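Commentary on secondary and tertiary structure
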Amino acid sequence: MAYTLDLSAKPDTPSLVNITGLTRQGLVEALIASGVVEARKAKMRATQIWRWVHHYGFTDFDKMTDIAKDQRGPLAEKFTLARPEVVERQISQDGTRKWLIRMAPGIEVETVYIPDVGRSGALCVSSQVGCTLNCSFCHTGTQKLVRNLTAAEIVAQVQIARDDLEEWPSPKEDRKLSNIVFMGMGEPLYNLDSVSDAIDIISDNEGIAISRRRITVSTSGVVPELEALGNRTAAMLAISLHATNDDLRDMLVPLNKKYPLKELMAGIRNYPGISNARRVTFEYVMLKDVNDSPAEARALLGLLKGIPAKINLIPFNPWPGTNYQCSDWKTIERFAAILNKAGYASPIRTPRGRDILAACGQLKSESEKTRASELRKQDRVAPLPYGNLASGL
Ligand code: SAH
Ligand code: SF4
């Protein structure tokens, strides 16, 4: 899909309020404002609806058995619980699943589920359609920003994964989906209001109940928003570092010109709640002959000194038109060995879902290149039953 830059584009104003994106307090207020629920009963109703929506995953008011029948109809006239449409679903040989989700006409994002990551499986969610930040090694960065996703559209990605994994009602133990990472399309800190509301919803104990400690937000380094991220979400922080000096980082992550390494590292040191039990993850993409020398591994150690940190070495995932190459495996291992010796464990991130282009930095590229019909011909897409659901967000 080719997108054009239209910064005036806003989420469609739905005639019905989508409950999926309302925080608990937001739901109470919306119920009162709708006139369907009396103010004195709004908190109780909100608790009931919350459980049906976020614990049971229901999309139908008629199934909410503890809400009087004569109230379910009026609720459905003011509110919607509809999921957005899944237009493509792919499963990799390694079990990674990728969904292309149409939030509204022309508003499509990808979401990826990776089994055996985190406690038992991680969902990589998108926060924007496209990105403003043009990191030179990232394909999403070549796609202009179409718009921010709403909180409802972020939570819907989790709901769709849960639908497909058949994980409703929300289990307390033995979950397939245990972790959430904001590492899909977009820069989450340029959409902090929606990201923060979505995290409040996803982490609520009477709903999807994924603890804030299992939710990681990855940023390319929007320094002025770091403190607000920590204070508002208490999420785990991941930083896309990729270089140890400003000259190189300016080229790889152009945002570095605005917030250079010194400011970035100071911002990270001040991240609320940072401790040995809550370490910052540093992501470092391995680019052949660009940032992969032993001297750079040592410089990385110097930069991270005193910060409770984990390092994720990400083998570069190529995309059509890129001039970068992935470092040789031996080079990556040599780099990792230097970090390991200094006490940082297992830092190489195994590429997952490469056969369906679901790995880091590959998101969206395939859906631009090849349509679902073409992929189906290659037998790589299984149709899902959501196709006929209204895109109600
Ligand atoms: N915009 C945010 C989150 C999304 S990107 C950020 O930049 O942090 C998730 C991770 O994938 C980031 O660390 C990003 O730098 C990395 N990445 C992007 N393109 C990549 C590629 N082609 N190969 C490997 N990792 C890539
Ligand atoms: Fe945007 Fe992150 Fe890609 Fe940079 S790496 S272009 S910030 S999505």
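Up top is the structure.
My aim in this report is to walk through the structure given alongside it, one point at a time. Predicted model, so just to flag it, every value in this text is computed and none were measured. Sequence positions are assigned chain by chain, starting from 1 and proceeding in written order. All chains are assigned letters beginning with A, and all ligands numbers beginning with 1, in the order in which they are written. Totals for whole chains, interfaces and linings use all residues, but because this is a predicted model, local features are given only for residues with pLDDT of at least 70 and pairs of side-chain atoms are given and counted only at 80 or more. Think of the side-chain values as coming from all heavy atoms in the structure, minus any hydrogens and water.

A regular strand carries its side chains on alternate faces of the sheet. Burial of strand β12 (residues 280–286) is extensive: seven of the seven residues sit out of reach of the surface. Relative accessibility thresholds used throughout: buried, under 20% of the residue-type maximum; exposed, over 50%; partly exposed, between the two (1.4 Å probe, protein chains only). Helix and strand labels come from DSSP, where a helix needs a run of H or I of at least four residues and a strand needs a run of E of at least two; each type is numbered from the N terminus. The two faces of β12 match: Val280, Phe282, Tyr284 and Met286 on one face and Thr281, Glu283 and Val285 on the other face are all buried. We treat two strands as partners when DSSP finds at least two bridges between them. Judged from the three bridges that link them, strand β11 (residues 236–240) and β12 form a sheet pairing that is parallel. If you follow Ile239 over to β12, its bridge partner there is Phe282. Alignment of β12 against strand β13 (residues 309–315), held across seven bridges, turns out to be parallel. Opposite Tyr284, over in β13, you have Leu313 as the bridge partner. The handedness of the β12 to β13 crossover, carried by helix α9 (residues 294–304), is right-handed. For crossovers, right-handed means that the path from the first strand over the helix to the second runs clockwise, given strands pointing away from the viewer.

Time to look at the site of ligand 1. When we say a residue is near a molecule or strand, we mean one of its heavy atoms is within 4 Å of it. Neighbouring ligand 1 are 21 residues; Gly186, Ser218, Ser240, His242 and Asn317 lie closest to it. Identification of polar contacts relies on pairs of N or O atoms within 3.5 Å, with a donor-acceptor requirement for protein atoms, meaning one able to donate a hydrogen and the other able to accept it, and with residues adjacent in sequence counted only if both atoms are side-chain atoms. Note that an oxygen atom of ligand 1 is positioned 3.5 Å from one of the backbone N or O atoms of Thr219. Computed with the Shrake-Rupley method and a 1.4 Å probe, the accessible areas treat only the protein chains shown as cover for residues. Relative to its unbound accessible surface of 540 Å², ligand 1 loses 95% to contact with the protein. At the level of secondary structure, the elements contributing two or more residues to the shell around ligand 1 comprise β10 (215–219), β12 and β13.

Turning our eyes to something else, we now look at the sheet that holds strand β9 (residues 179–182). Ordered by their spatial adjacency, nine strands build an open sheet running β3-β4-β5-β6-β9-β10-β11-β12-β13, and the pairing between neighbours is mixed. Either end of the sheet is taken by a strand with one partner, and the two such strands are β3 (85–91) and β13. Neighbour-to-neighbour, the strand axes of the sheet open up by a mean angle of 20°, direction not taken into account. Two strands pair when backbone bridges link them, and β9 and β10 are joined in this way by three bridges, in the parallel orientation. Directly across from Val181, in β10, lies its bridge partner Thr216. Every residue pair with non-hydrogen atoms within 4.5 Å of one another is taken to be in contact. Under this scheme, a helix contributes an axis fitted over its contacting stretch, all axes are lines through C-alpha atoms, and angles between N-to-C directions fall in the 0 to 180 degree range. Against the sheet, helix α10 (residues 329–341) engages β12 and β13, with an angle of about 175° to β13.

It is worth spelling out helix α6 (residues 226–233) at this point. Among all positions in α6, only Leu226, Leu229, Gly230 and Thr233 are buried. Mapping the buried residues of α6 onto a view down its axis gives an arc of 100°, with all of them on the same face. Across from the buried face of α6, at angles greater than 90 degrees, the exposed residues are Glu227 and Asn231. Close packing links the buried residues of α6 with α5 (192–203), β10, β11 and α8 (261–269). Of the residues flanking the end of α6, it is Ala234, one or two places downstream, whose phi is positive at about 50°. Here the arc refers to the set of directions running from the helix axis out to each C-beta atom.

In the vicinity of ligand 2, the contacting residues are Cys131, Leu133, Asn134, Cys135, Cys138, Gly141, Gly186 and Ser220. For the shell around ligand 2, the residue count by class is four nonpolar, four polar and no charged. Side-chain classes follow a simple rule in which Ala, Val, Leu, Ile, Met, Phe, Trp, Tyr, Cys and Pro form the nonpolar group, Asp, Glu, Lys and Arg form the charged group, and the remainder, Gly included, forms the polar group.

Here we come to the environment of Ser203. Position of Ser203 among the secondary structure elements: in helix α5. Measuring from C-alpha to C-alpha, the distance between Ser203 and Thr233 comes to 9.6 Å, with 30 residues separating the pair along the chain. Apart from the residues lying within four places of it in its own chain, the contact partners of Ser203 are Ala209, Ile210, Arg212 and Ile215. In terms of polar contacts, Ser203 uses its side chain to reach the backbone carbonyl oxygen of Ile199, at 2.7 Å.

In the contact formed by α9 and α10, the axes pass within 9 Å of each other and the chain directions differ by 30°. Taken together, the axes of α9 and α10 are roughly parallel relative to one another. Considering how the two elements wind past one another, α9 and α10 form a crossing that is right-handed. Across the interface between the two elements, Pro294, Glu296, Ala297, Arg298, Leu300 and Leu301 of α9 pack against Arg334, Phe335, Ile338 and Leu339 of α10. Grouping the amino acids of the contact of α9 with α10 by side-chain chemistry returns seven nonpolar, no polar and three charged. When an angle is under 35 degrees it counts as roughly parallel; over 145 it counts as roughly antiparallel; between 65 and 115 it counts as roughly perpendicular; any other value is oblique. The crossing is said to be left-handed when, going from far helix to near helix, the turn is anticlockwise and less than a right angle, and right-handed when the turn is clockwise.

By definition here, a salt bridge exists when the distance from a side-chain nitrogen of Lys or Arg to a carboxyl oxygen of Asp or Glu is within 4 Å. In total, this model carries 15 salt bridges according to the counting rule given. Taking the shortest distance from any N to any O, the salt bridge between Arg147 and Glu153 comes out at 2.8 Å. With a closest N to O distance of 3.6 Å, Arg349 and Glu283 form a salt bridge. Taken together, the positions of Arg349 in the loop between α10 and α11 (365–369) and Glu283 in strand β12 put the pair 66 residues apart, joining distant regions of the chain. Considered together, Arg349 and Glu283 belong to a single accessibility category, that of buried residues. Linked by salt bridges that have partners in common, Arg24, Asp204 and Glu206 make up one network.

The angle between the axes and the distance between the axes are what describe a pair of packed helices. One way to put it is that helix α1 (residues 24–34) packs onto helix α2 (residues 42–55) with a least axis distance of 9 Å and a crossing angle of 120°. Looking at the two axes, α1 sits oblique to α2. The two elements α1 and α2 meet at a crossing, and its hand is right-handed. For the pair α1 and α2, the contacting residues are Arg24, Leu27, Val28, Leu31 and Ile32 in the first and Ala42, Lys43, Arg45, Ala46, Thr47, Ile49 and Trp50 in the second. The residue inventory of the contact of α1 with α2, partitioned by class, reads eight nonpolar, one polar and three charged.

Core analysis: the largest hydrophobic core is formed by 104 residues, its most contacted members being Phe137, Ile180 and Phe282. Domain limits in this description derive from either an automatic procedure or a database domain assignment. Inspection of this core shows a minimum of three residues originating in each of domain 1 (17–80) and domain 2 (85–379). Formed by six residues, the second largest nonpolar core is a distinct cluster that contains Val112, Ile114, Val181 and Ala358. We call a set of buried residues a nonpolar core when its members are Ala, Val, Leu, Ile, Met, Phe, Trp, Tyr or Cys and they connect through side-chain atoms within 4.5 Å of each other.

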